[in-house]
Amino acid sequence: MKKNSNFIKYRSRLVKSLDNIDTAKLSKVIKLFKNKIKNKNKIFVCGNGGSAAISNHYICDFLKLVRQKTNFKPRFLSLANNLETITAISNDINYDKIFSYQLESLFDPGDILILISSSGNSKNMVNALKFAKKNQIYTISFTGFKGGYLRRNSDLSIHVQSNAYSISEDTHHILMHYLMEELIYQLNIK
């Protein structure tokens, strides 16, 4: 089998980004998810572009698989999921408010907001974080590059040490799957 050197380099960069993740923080995320699910709190997820796709994938896996493989009914909601709502808010109010405006109607104190952003500086994400902080919503950010505002201001920040969108987003996606599998395991421990 012929080895593709560009693939080997990409894989090495991805593995390096995973090796640099603070696993103690991942354990804290699992504990938070477990407690919030048991307390029937909501867990919101948001992101732009590829990070929006990851946000929506959270709902697919966490809502369906956690419910299917445990005795719990998690309340995961993606704020990046409803195109009609997002475009209405963008057109009639401001694109910078697409996530915070939804949160205003949907949140309860004690909920969690997961923010996925490579730069950590998108205005709509920053506004969502600011709203969450003012309203007792615990914030977890997944960032890349330098992490920006989200990394500095989230209650808990999982940072990917990469300046490439591809590596940052792939790592965020892998972490999402890891968190889901570990959460299922933890919820099933008697």
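Structure: above.
So, here's what we can say about the structure.

Each value, and the rule that gives it
- Residues numbered from 1 in each chain as written.
- Predicted model: local features only at pLDDT ≥ 70, side-chain atom pairs only at ≥ 80, totals over all residues.
- Heavy atoms only, no water.
- Pairing = 2+ DSSP bridges.
- Helix = DSSP H or I, 4+ residues; strand = E, 2+ residues; numbered from the N terminus.
- Axes fitted to C-alpha atoms, helices over the stretch in contact; angles between N-to-C directions.
- Buried < 20%, exposed > 50% of the residue type's maximum accessible area, 1.4 Å probe, protein only.
- Right-handed = clockwise from strand over helix to strand, strands pointing away.
- Salt bridge = Lys/Arg side-chain N within 4 Å of Asp/Glu carboxyl O.
- Disulfide = S-S within 2.5 Å.
- Parallel < 35°, antiparallel > 145°, perpendicular 65-115°, else oblique.
- Left-handed = near helix turned anticlockwise from the far one by under 90°.
- Contact = heavy atoms within 4.5 Å.
- Nonpolar A, V, L, I, M, F, W, Y, C, P; charged D, E, K, R; others polar.

## Focus: the sheet that holds strand β3 (residues 112-117)
Okay, step 1: Here we have five strands laid out as an open sheet, ordered β2-β1-β3-β4-β5, and parallel in their pairing. Two strands bound the open sheet, and with one partner strand each, they are β2 (75-78) and β5 (156-159). Each adjacent strand pair in this sheet contributes to an overall mean axis angle of 15 degrees, direction not counted.
Okay, step 2: Examined bridge by bridge, strand β1 (residues 42-47) and β3 share five bridges and lie parallel to one another.

## Things to note about the pairing of β5
Okay, step 1: Along β5, one buried face is formed by Leu 156 and Ile 158 and the opposite face, lined by Ser 157 and His 159, is buried too.
Okay, step 2: Pairing of strand β4 (residues 138-143) with β5 involves four bridges; the strand directions are parallel. Bridge pairing in β5 links Ile 140 to Leu 156.
Okay, step 3: Where the polypeptide runs from β4 across helix α7 (residues 148-153) and back to β5, its parallel neighbour, the crossover connection is right-handed.

## Quick look at the pattern of salt bridges
Oppositely charged side chains can pair when the atoms bearing their charge come close.
Okay, step 1: For the structure shown, the criterion picks out three salt bridges.
Okay, step 2: Close ionic contact of Asp 111 with Lys 42 constitutes a salt bridge, the shortest N to O distance being 3.5 Å. Of the two residues, Asp 111 is situated in the loop between α5 (100-106) and β3 and Lys 42 in strand β1; the sequence distance between them amounts to 69 residues. Neither Asp 111 nor Lys 42 differs from the other in exposure class; each is buried.
Okay, step 3: The partner of Lys 133 in a salt bridge is Asp 155, and the shortest N-O contact between them spans 2.9 Å. Of the two residues, Lys 133 sits in helix α6 (residues 123-134) while Asp 155 sits in the loop between α7 and β5, which places them 22 residues apart along the sequence.
Okay, step 4: Residue classification places Asp 155 among the partly exposed residues on the basis of a relative accessible area of 34%.

## Details of unusual backbone geometry
Apart from glycine, the bulk of residues carry a negative phi angle, and the bulk of peptide bonds sit in the trans form.
Okay, step 1: Its identity as a non-glycine residue notwithstanding, Lys 40 has a phi of 65 degrees, on the positive side.
Okay, step 2: Here Lys 40 is to be found in the loop between α2 (23-38) and β1.
Okay, step 3: At Gln 136, a position not held by glycine, the phi torsion is positive, near 60 degrees.
Okay, step 4: Positionally, Gln 136 belongs in the loop between α6 and β4.

## Section: the state of the cysteines
Okay, step 1: Inspection of the entire model under this criterion finds zero disulfides.
Okay, step 2: Take Cys 60: it sits in no disulfide, and the sulfur closest to it among the cysteines is that of Cys 46, at 18 Å.

## Description of the packing of helix α1 (residues 5-19) against helix α8 (residues 165-188)
Okay, step 1: Running from amino to carboxyl end, α1 crosses α8 at an angle of 55 degrees, the nearest separation of the two axes being 10 Å. In terms of axis orientation, α1 runs oblique to α8. Viewed along their axes, α1 and α8 form a crossing whose handedness is right-handed. Contact residues: Tyr 10, Arg 13, Leu 14, Ser 17 and Leu 18 in α1; Ser 166, Ile 167, Asp 170, Thr 171, Ile 174 and Leu 175 in α8.
Okay, step 2: A breakdown of the residues in the contact of α1 with α8 according to their chemical character gives six nonpolar, three polar and two charged.

The quantities given are spatial measurements derived from coordinates; they are silent on function.
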